[in-house]
Every structure is written in C-alpha cells, then in structure tokens.
Amino acid sequence: MSRTEEFQELRPLLFSIAYRILGSVGEAEDAVQETWLRYEATATEPRSVKAYLSTTVTRIAIDVLRSARVRREEYVGAWLPEPLLDDPYADPERAAELAESVSMAALLLLERLSPLERAAFVLREVFDFGFPEVAAAVGRSEAACRQLVSRARRHMAAGRPRFEADREEREKLASRFFEALREGDVDGLRGLLAADVSMVGDGGGKAPQLARAVTGAQNVARLLGSVFPRMARIEVTFEPHELNGQPGAIFYDREGKVLHTLALDILDGRVQTIRTVINPEKLGHVGPVADAWAIHREVQAGRPS
C-alpha cells in the first residue's frame with residue numbers, strides 16, 4: 001500500500017486514541033492531521049507503521065493536553081467533553097471496553113489523571129497495546145509505564161462508571177424518557193429518574209447554561225417538563241441519537257441548526273445523570289450551530305420574535 005492508503009486505514013484508530021486522551025473532537029482531528037504531516041515528511045520507512053503513527057499521535061495529544069489543562073482550569077462553569085456521534089474505530093473483541101471508555105462519565109474520570117497516566121491508560125487498557133509500545137509512545141521506561149497504568153487503574157476504579165448492561169432495556173428507557181420530554185410530562189419524567197439524578201450543562205460562558213448542577217428527581221423533572229414545551233413552541237425539535245456510546249439526543253432550532261446535545265447515563269432502570277453541551281465551540285462538528293442566546297431570549301419572552 002502507499003503511505004496515504006496505510007494512513008487512511010489507521011486513521012480511525014488514531015482518532016479514537018486522540019479523542020480519548022483529549023476529550024475534544026476538534027483537537028483529536030488536528031492531532032491526526034499533524035500525525036499525517038509528520039509521517040509524510042519522514043524520509044525513513046518505519047518498521048511498523050501502526051506503532052509509528054500511534055506513537056506520533058499519542059505524543060502530539062499529550063502535548064496538546066498539557067496546554068489544554070490550563071485552559072480548562074479557567075473554564076466558565078462545568079466542563080464536559082465534546083459530544084462524539086460515532087466512534088470510527090471498531091474492534092469486536094474489545095467492544096465493551098471501547099464503548100465504556102468513550103462515555104462522558106469515563107472521559108470525565110480520565111480528566112483526573114496526569115497527561116502521561118491518561119495516555120498510558122488509554123493505550124494499554126482501552127486499545128490493548130503492549131507495554132513496550134506504550135513505553136515508546138509516552139517516552140518512559142516499561143517499568144515507569146506499568147506504574148503509570150497502575151495508578152490510573154486505581155483512580156478509574158474508584159469512580160468507574162456503570163451503565164445498564166442490557167442495551168435493549170437502556171434504549172427502551174431512553175425512548176420513554178424522550179417521549180415524556182416531548183410531551184412535557186413531569187410525572188412521567190420523574191418516574192424515570194433516579195432519586196439523586198444530576199443534570200449538568202456546559203455552556204462555557206458562550207451560551208445560556210445552568211448556574212449549577214440541578215439534582216433530585218423532582219427538581220430535574222420540573223425543569224425539563226417546563227422548559228422543553230416552551231422551546232417546542234418556538235419550533236425547537238430534537239432527534240434521539242447515541243452520543244459517546246450512550247443514549248442521547250440532538251436539539252435543533254427552527255432552521256435545523258444544532259442548539260445543544262443531551263446525553264443520558266442509565267443504570268438500574270433509571271436515568272442517573274443528564275449532561276447537556278450547548279457551548280457552540282463544541283458543536284461545530286455536529287452541524288451548523290444555532291444562536292443559543294437568541295433561542296433563550298425567545299423562550300424567556302414566551303413568543304417568537
């Protein structure tokens with residue numbers, strides 16, 4: 001194969017590695033593109049193209065993450081990963097690990113790790129790279145990488161996300177949730193929420209957002225049951241869509257532009273967490289982005305402008 005063909009064959013893997021390290025679709029795509037430029041420019045032919053490209057994209061992602069962590073410390077409000085519509089990489093033998101590792105809950109846990117711990121954990125635990133490959137990618141000895149992965153495992157295990165094991169049951173509950181949301185059925189919503197459910201929004205100071213997380217079934221059901229009917233009156237619609245491997249939906253304005261995404265964590269027959277991303281800078285890869293402030297003003301006014 002030509003270099004271009006080899007790279008395109010491995011692109012899904014490279015993106016999936018970078019996204020799990022960075023939690024950003026745009027930054028992951030940029031890391032993959034930079035990997036291609038470096039591969040194209042190298043005069044030598046690597047012994048293993050997969051190892052070379054994986055190492056390159058990992059090192060780029062680590063550097064990006066180090067600078068991104070400073071920006072995230074100054075982020076306005078809750079920070080959530082950019083929603084991922086579809087993971088381009090598939091491995092039937094590791095399907096469960098891949099699905100769990102791309103969830104928003106898992107990505108938020110990964111935020112607690114150092115950049116090196118995060119990269120080593122992703123390569124070893126998610127993609128099953130051997131320790132020699134991990135060591136080459138993060139620039140540390142195999143012994144040091146074993147320690148990095150061990151520390152990362154402990155951090156992840158302490159708060160490891162759990163989801164409804166039965167995918168069909170999870171999807172049925174999500175369908176009932178979105179039906180109740182569409183109808184503004186507060187009682188119906190409340191019956192589907194865990195008692196300690198939490199709803200978190202990410203606007204990044206660039207769109208209307210929740211001042212703080214809303215907790216408790218009654219509070220969350222009342223908020224959802226009152227807000228969406230008012231949004232529907234100004235022709236806001238939504239379409240259920242899997243997000244980060246979990247049930248979710250994409251919301252659109254009357255022109256079909258993306259307003260925000262909503263993702264559900266479901267466990268024990270109840271919705272445990274609801275996460276919405278409305279920051280326009282995190283939605284460009286989903287589609288043309290709506291003016292969330294204009295929608296907010298219309299909702300507040302109770303009538304179309």
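In the block above lies the structure referred to throughout.
Only a predicted model underlies this, so the values are computations on that prediction, with no experimental measurement involved.

Conventions adopted
Residues numbered from 1 in each chain as written. Predicted model: local features only at pLDDT ≥ 70, side-chain atom pairs only at ≥ 80, totals over all residues. Heavy atoms only, no water. Helix = DSSP H or I, 4+ residues; strand = E, 2+ residues; numbered from the N terminus. Rg over C-alpha atoms; globule rule 2.2 N^0.38 Å. Contact = heavy atoms within 4.5 Å. Areas by Shrake-Rupley, 256 points an atom, 1.4 Å probe, with all protein chains shown as cover. Lys, Arg positive; Asp, Glu negative; His and termini not counted. Charge placed at Lys NZ, Arg CZ, Asp CG, Glu CD. Buried < 20%, exposed > 50% of the residue type's maximum accessible area, 1.4 Å probe, protein only. Pairing = 2+ DSSP bridges. 1 Å grid on protein atoms, 1.4 Å probe; cavity = no way out; pocket = protein on both sides within 12 Å on 5 of 7 lines; lining within 4 Å. Points joined across faces, edges and corners; volume = space filled by probe spheres on them. Nonpolar A, V, L, I, M, F, W, Y, C, P; charged D, E, K, R; others polar. Core = buried A, V, L, I, M, F, W, Y, C linked by side-chain atoms within 4.5 Å.

## Some points on the overall build of the chain
The number of helices and strands found in the chain is 12 helices and six strands. Here the chain has a C-alpha radius of gyration of 21 Å; the compact-globule value for 305 residues is 19 Å, and the two agree. Residue pairs in contact within the chain that sit at least 24 positions apart in sequence constitute 66% of those at least 6 positions apart. Summing over all exposed atoms, the chain offers an accessible surface of approximately 14,400 Å²; the carbon and sulfur share of this is 48%. A gap of 6 Å separates the mean positions of the 40 positive and 46 negative side-chain charges of the chain.

## Considerations on the pairing of strand β4 (residues 248-252)
Burial runs high along β4: five of the five residues are buried. Burial along β4 is two-sided: the residues G248, I250 and Y252 and A249 and F251 are all buried. Relative to β4, strand β3 (residues 237-240) runs antiparallel, the two being bridged by four bridges. For P240, the partnering residue across the bridge sits in β4 and is A249. Alignment of β4 against strand β5 (residues 258-267), held across five bridges, turns out to be antiparallel. Residue pairing across strands places Y252 opposite V258, the latter belonging to β5. In textbook terms, the turn of a hairpin is the stretch between consecutive antiparallel strands, and for β4 and β5 this stretch comprises five residues, one of which, G256, has a positive phi near 80°.

## Considerations on the layout of surface pockets
Estimated volume of the largest pocket: approximately 580 Å³. Every residue lining the largest pocket is counted, 24 residues in all, and those nearest its centre are L210, V227, M231, H260 and I278. If you list the elements that add at least two residues to the lining of the largest pocket, you get β1 (193-202), α11 (217-233), β5 and α12 (292-301). Looking at which element gives the most residues to the lining of the largest pocket, the answer is α11, with six residues. There is about 360 Å³ of room inside the second largest pocket. What lines the second largest pocket is a set of 17 residues, among which R71, Y75, W79, E281 and K282 lie closest to the centre. Examining the composition of the lining of the second largest pocket, we find that three residues originate from one element, helix α3 (residues 49-73), more than from any other. For the lining of the second largest pocket, the per-class residue count stands at five nonpolar, four polar and eight charged.

## Remarks on the nonpolar core
If you look at the biggest cluster of nonpolar residues, it comprises 49 residues, and the most contacted ones within it are I17, Y19, I21 and F127. By residue number, the principal contributor to this core is helix α1 (residues 3-22), which donates 10 residues. Leaving out residues up to four positions away in the same chain, Y19 has contacts with S24, V25, A28, P81, E82, P83, L84, V102, L107 and N244. Counting 35 residues, the second-largest nonpolar core is a separate cluster that includes F228, A292, I295 and V299.

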